[in-house]
Amino acid sequence: IVIMTTEILRNIMYRTAERAAPDDDEDAAAASAGGLASDSEGATSSTGTRESRLGDVGLIVMDEVHYLGDPNRGSVWEEAIINCPRHIQLVCMSATVKNPEDLGAWITKEHQECATIMTRFRPVPLHWHFAYNAPPPKGVQVVDLLAREGRALNPRLEA
């Protein structure tokens, strides 16, 4: 199991594409010999295509896939999905994606067949809390943000 950001995943895919088409004599020699090439940081990576470099990867879990709609980070998520080798199954999760059917259809078009599964079941309940610094000796206090019914502000916070 490897855990990484979509930025790192995308960069691995781009780096692999660069390695497949070396741009200097040293990398070209390493690639033609089927060997290893070093990057500017001295790390060693195998040359080849995304498919060969990620050949042992069978599944990528992309949590918080609603970031596709984020103006600053969405393009990175989009590039990771589009450039992901077709042999890798994607599991894309989000509790807040607004258009799951459209997203599933887009992933089917760009990557491979996608089944959209929706549920309102939340295995880990969502609880909102409020932290504040109370006068000594209490110090930092954490209380429920909402009253027990969950429809109004906790009366302990009204002052």
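Calculation notes
Residues numbered from 1 in each chain as written. Predicted model: local features only at pLDDT ≥ 70, side-chain atom pairs only at ≥ 80, totals over all residues. Heavy atoms only, no water. Salt bridge = Lys/Arg side-chain N within 4 Å of Asp/Glu carboxyl O. Helix = DSSP H or I, 4+ residues; strand = E, 2+ residues; numbered from the N terminus. Buried < 20%, exposed > 50% of the residue type's maximum accessible area, 1.4 Å probe, protein only. Arc of directions from axis to C-beta. Pairing = 2+ DSSP bridges. Right-handed = clockwise from strand over helix to strand, strands pointing away.

The final tally for this structure, using the stated rule, is three salt bridges. In this structure, R10 and E79 form a salt bridge, with 2.9 Å as the shortest nitrogen-oxygen distance. Of this pair, R10 sits in helix α1 (residues 6-20) while E79 sits in helix α4 (residues 74-83), and the two are 69 residues apart along the sequence.

It is worth spelling out helix α5 (residues 100-110) at this point. Considered for burial, the residues of α5 that qualify are P100, L103, G104, I107 and E110. Projected down its long axis, α5 carries its buried residues within an arc of 135°, all on one side. Turned more than 90 degrees off the buried face of α5, the exposed positions are D102 and K109.

Backbone phi values are negative for most residues with the exception of glycine, while trans is the configuration of most peptide bonds. Each neighbour pair has its own omega, and for P136 with P137 the value is 10°, a cis peptide bond. Tracing the backbone shows P137 in the loop between β5 (129-134) and β6 (139-144). The residue E64 is not glycine, and still its phi comes out positive at about 65°. Inspection of the secondary structure assignment puts E64 in the loop between β3 (59-63) and α4.

Along β3, the buried face is formed by I60 and M62; none of L59, V61 and D63, which line the opposite face, is buried. Looking at chain direction, β3 and strand β4 (residues 89-93) are connected through five bridges and run parallel. Bridge pairing in β4 places I60 opposite L90. Taking the sense of rotation as the criterion, the β-α-β connection linking β3, α4 and β4 turns out right-handed.

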